[in-house]
Amino acid sequence: MSLSLKKTPMPEQDAIERGHNFKEVTLGYSEEQALIEAARCLQCKTAPCRQGCPVGVDIPGFIGKLKTGDVAGASEVLKGYNGLPAVCGRVCPQEEQCEKYCVLAKKGEAVGIGRLERYTADTARHQAVPQEEAAPAAADAQKVAVIGSGPAGLTAAGEMAKRGYKVTVFEALHRPGGVLVYGIPEFRLPKDEVVQVEIDALRKLGVDIEVNVVIGQTYTIDELMEEEGFEAVFIATGAGLPHFMGIPGEQYNGVYSANEFLTRCNLMKAYRFPECATPIHVGRRVAVVGGGNVAMDAARTALRLGAEKVYIVYRRSEAELPARLEEVHHAKEEGVDFQLLNNPVEILGDDEGWVRQLRCIRMTLGEPDASGRRRPEAVPGSEFELDVDTVIMAIGQGPNPLVQQTTKGLDVNRRGNIVADAETGATSREGVFAGGDVVTGAATVILAMGAGKKAAAAMDEYLQNKRK
Ligand code: FAD
Ligand code: SF4
Ligand code: SF4
């Protein structure tokens, strides 16, 4: 049988139907589809795909097990590298990472590594393949605090619990998971079925998770270390502080940050109002400003909340859209209208203070700027108005400054990110480590997990030396 140059297609909900519900868009491979896709992997000795994975997953190793139908074995290989394979299989930007380096991508389509990772993790879960457990921490085990329960914090916590430390995760929100629960929508990443299961597994490792605790307010890091006996701290507070454009009219009712919009919907389940207490206003016509994953998530959420027309307004062209290709493709299929090479200059409102229009200016691409992308330049006199009643700003986020401001001697850069060693996560404060978006700025789930893993190894070494 000749090798197919095409990936086995992923079954999906119909585009029109799914635009009106919050159920997962992609349905996952069947056993037959997974075996067909696994058979495409050439089991390359040099495994170039691995160099594209920030945590170096043994890709031929796990796919090799799948080829023989050994899902439990494949799951064990995966879990050795990646504590959240069901999450990464769904949300990693694979086309920029592992799959970009797959030899098959030179002539056709790469092996669907992410899809097989998801299949393995989901099937192992459905078959109740026994998960790793850790012996309870010894009574005299050293105490480690993890601030924030996103992918960086969860990974570091799991790694430290497996090494025998007594780990407590402090989370400001009422539900652990970070962006996995408050940012990425249910239709891309099911919360109860996927994220909660991973968090339950962490609790089985002995990790204590305390929610509704805001570090910097409820306790400071100095109090945790000096009064509560924590000998090492890992800060993983993410980048949840939204940026606005600073254009006139951002104060009108109907202007949201994507962060607030998505949190209301995902975490507070506003789409089930009044059954759930948090309301959300999404008029008939919505403009989402930005071109990343956050913008796609906000646009597709607005559609599902009943908006008749949803625009993505982005100042560069399609080639520069930072969102994952799959998300752009799905958004288009669902009917999102891409207003590319357009930049908002003002939000116009009515006498009662509600948004009525978004004034934009057309852009053209000039010479490459410092980021290597061609610089967008305004076309004079090309302003026009879009009639909208909601504007959602999705132009980026920075770190919340609370922990940085309340921790003495912690170095931060000019953007407010904590300065930490790229290999160890060590900060300017002894015993305090940091990783994930709070260090790098908004990035990806797998990079945050990689940072959590490296910091855990460094904290282990630090704590062992401290005990000597
Ligand atoms: P977070 O996930 O942000 O977690 C930080 C946690 O710390 C939060 O729970 C927060 O409440 C808590 N916290 C903050 N301050 C305090 C405090 N003072 N005390 C206690 N707790 C605190 N990446 C991908 O790879 N693929 C995608 O498809 C993708 N889509 C995205 C969609 C959206 C809408 C967003 C917002 C991001 C997306 N990302 C995606 C990026 C990815 O989710 C992040 O890079 C990743 O979650 C960062 O992990 P983290 O652990 O550093 O921080
Ligand atoms: Fe690819 Fe992400 Fe899995 Fe690594 S963790 S192999 S980058 S899907
Ligand atoms: Fe398989 Fe592609 Fe990796 Fe080769 S490069 S081992 S074909 S996934």
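What you see is a predicted model; the values in this text were computed from it and never measured.

## Remarks on the overall build of the chain
(1) Moving on: A count of helical and extended segments in the chain gives 16 helices and 16 strands.
(2) Moving on: Computed over its C-alpha atoms, the radius of gyration of the chain comes to 23 Å, within 12% of the 23 Å expected for a compact globule of 468 residues.
(3) Moving on: Each of the three principal axes of the chain carries a C-alpha extent, and together these read 70 × 65 × 50 Å.
(4) Moving on: Counting over 468 residues, the chain shows a buried share of 54%.
(5) Moving on: Sequence-distant contacts, at least 24 apart, represent 69% of the contacts inside the chain between residues at least 6 apart.
(6) Moving on: Within the structure as shown, the chain displays about 20800 Å² of accessible surface, and the carbon and sulfur contribution to it stands at 50%.

## What about the environment of Pro-176?
(1) Moving on: Considering the arrangement of structural elements, one finds Pro-176 in the loop between β2 (166-170) and α8 (179-182).
(2) Moving on: Placed 26 residues apart in sequence, Pro-176 and Gly-150 show a C-alpha to C-alpha distance of 7.3 Å.

## Regarding the pattern of salt bridges
(1) Moving on: What the rule picks out here adds up to 36 salt bridges.
(2) Moving on: A salt bridge links Glu-99 to Lys-7; the nearest nitrogen and oxygen atoms lie 2.7 Å apart. Of the two residues, Glu-99 sits in the loop between α5 (85-91) and α6 (113-126) while Lys-7 sits in the segment before α1 (15-18), which places them 92 residues apart along the sequence.
(3) Moving on: We classify Glu-99 as buried; its relative accessible area is 8%.
(4) Moving on: Note that Arg-90 and Asp-122 form a salt bridge whose closest N and O atoms lie 2.8 Å from each other. Here Arg-90 is found in helix α5, whereas its partner Asp-122 is found in helix α6, with 32 residues between them in sequence.
(5) Moving on: Counted as one network, the salt bridges with shared partners bring together Glu-12, Arg-18, Arg-188, Asp-297, Arg-300, Arg-304, Arg-324, Glu-327, Glu-333 and Glu-334.

## A few points about the sheet that holds strand β8 (residues 309-314)
(1) Moving on: Taken in spatial order, the five strands of this open sheet run β6-β14-β7-β8-β9, and their pairing is parallel. Because the sheet does not close on itself, it has two edges, and the strands there are β6 (255-257) and β9 (337-340). This sheet shows a mean twist of 20 degrees between the axes of neighbouring strands, independent of strand direction.
(2) Moving on: Where strand β7 (residues 285-289) and β8 come together, five bridges link them in parallel fashion. Opposite Val-286, over in β8, you have Val-310 as the bridge partner.
(3) Moving on: This element, helix α11 (residues 258-266), spans β6 and β14 (390-393) of the sheet and lies at about 85 degrees to β6.

## Notes on helix α7 (residues 151-162)
(1) Moving on: Across its 12 residues, α7 extends 17 Å between first and last C-alpha, which sits within 8% of the 16 Å expected from 1.5 Å per residue.
(2) Moving on: Of all 12 residues in α7, 11 are buried, a share of seventy percent or more.
(3) Moving on: Buried within α7 are the following residues: Pro-151, Ala-152, Gly-153, Leu-154, Thr-155, Ala-156, Ala-157, Gly-158, Glu-159, Met-160 and Ala-161.
(4) Moving on: Of the surrounding secondary structure, the elements contacted by the buried residues of α7 are β1 (143-147), β2, α8, α9 (191-204), β4 (230-235) and α16 (445-467).

## Quick word on the site of ligand 1
(1) Moving on: Neighbouring residues of ligand 1: 36 residues in total, closest Val-91, Glu-171, Arg-188, Ile-215 and Asp-437.
(2) Moving on: A distance of 2.7 Å separates an oxygen atom of ligand 1 from a polar side-chain atom of Glu-171.
(3) Moving on: Measuring from a nitrogen atom of ligand 1, one finds a backbone N or O atom of Ala-172 at 3.1 Å.
(4) Moving on: Only α7, α12 (293-304) and α16 provide two or more residues apiece to the shell around ligand 1.
(5) Moving on: The element contributing the most residues to the shell around ligand 1 is α12, with three residues.

## What about α11?
(1) Moving on: In terms of residue burial, α11 counts as a mostly covered element, since seven of its nine residues are buried.
(2) Moving on: Turning to α11, its buried residues are Ala-258, Asn-259, Phe-261, Leu-262, Thr-263, Cys-265 and Asn-266.
(3) Moving on: Contacts from the buried residues of α11 go to α8, β5 (241-242), β6, α12, β14 and β15 (397-398).

## Regarding the sheet that holds strand β16 (residues 432-434)
(1) Moving on: Pairing is parallel in the open sheet, where five strands are placed in the order β3-β2-β1-β4-β16. Pairing within the sheet leaves two strands with one partner each, and these edge strands are β3 (208-210) and β16. Strand after strand, the sheet turns through a mean of 20 degrees between neighbouring axes, direction not considered.
(2) Moving on: Judged from the three bridges that link them, β4 and β16 form a sheet pairing that is parallel. Following the sheet pairing, Val-233 is matched in β16 by Val-432.
(3) Moving on: Helix-sheet contacts for α7 involve β1, β2 and β4, and the interaxial angle to β2 is about 165 degrees.
(4) Moving on: In the packing of α16 onto the sheet, the strands contacted are β1, β4 and β16, and the crossing angle to β4 comes to about 165 degrees.

## Some details on the packing of α12 against helix α13 (residues 325-334)
(1) Moving on: Two numbers describe how α12 lies on α13: the axes approach to 10 Å, and their chain directions differ by 25 degrees. When the interaxial angle is binned, α12 and α13 end up roughly parallel. In this structure, α12 crosses over α13, and the sense of that crossing is left-handed. Contact residues: Asn-293, Met-296, Arg-300, Leu-303 and Arg-304 in α12; Glu-327, Val-328, His-330, Ala-331 and Glu-334 in α13.
(2) Moving on: Of the residues contributing to the contact of α12 with α13, the split by class is four nonpolar, two polar and four charged.

## Here we look at the nonpolar core
(1) Moving on: Phe-62, Leu-116 and Phe-234 are the most contacted members of the largest nonpolar core, which totals 72 residues.
(2) Moving on: Considering every element that reaches this core, the biggest residue donor is α16, with 10 residues.
(3) Moving on: One finds Ile-280, Val-282, Ala-299 and Val-328 within the second-largest nonpolar core, a separate group that totals 30 residues.

## Considering the environment of Lys-45
(1) Moving on: Among the structural elements, Lys-45 can be located in the loop between α2 (31-39) and α3 (59-67).
(2) Moving on: Along the chain, Lys-45 and Val-87 lie 42 residues apart, while their C-alpha atoms are 27 Å from each other.

## Here's the deal with the side chain of Asp-58
(1) Moving on: As for its placement among the helices and strands, Asp-58 is situated in the loop between α2 and α3.
(2) Moving on: A polar contact of 2.9 Å, which involves the side chain of Asp-58, links it to the backbone nitrogen of Gly-61.
(3) Moving on: Filtering out sequence-adjacent residues up to four positions away, Asp-58 remains in contact with Arg-50, Val-77 and Tyr-81.

So, how was this worked out
- Residues numbered from 1 in each chain as written.
- Chains lettered and ligands numbered in written order.
- Predicted model: local features only at pLDDT ≥ 70, side-chain atom pairs only at ≥ 80, totals over all residues.
- Heavy atoms only, no water.
- Helix = DSSP H or I, 4+ residues; strand = E, 2+ residues; numbered from the N terminus.
- Rg over C-alpha atoms; globule rule 2.2 N^0.38 Å.
- Buried < 20%, exposed > 50% of the residue type's maximum accessible area, 1.4 Å probe, protein only.
- Contact = heavy atoms within 4.5 Å.
- Areas by Shrake-Rupley, 256 points an atom, 1.4 Å probe, with all protein chains shown as cover.
- Salt bridge = Lys/Arg side-chain N within 4 Å of Asp/Glu carboxyl O.
- Pairing = 2+ DSSP bridges.
- Axes fitted to C-alpha atoms, helices over the stretch in contact; angles between N-to-C directions.
- Expected span 1.5 Å × (residues − 1).
- Near = heavy atom within 4 Å.
- Polar contact = N/O pair within 3.5 Å; in protein donor to acceptor, adjacent residues only side chain to side chain.
- Parallel < 35°, antiparallel > 145°, perpendicular 65-115°, else oblique.
- Left-handed = near helix turned anticlockwise from the far one by under 90°.
- Nonpolar A, V, L, I, M, F, W, Y, C, P; charged D, E, K, R; others polar.
- Core = buried A, V, L, I, M, F, W, Y, C linked by side-chain atoms within 4.5 Å.

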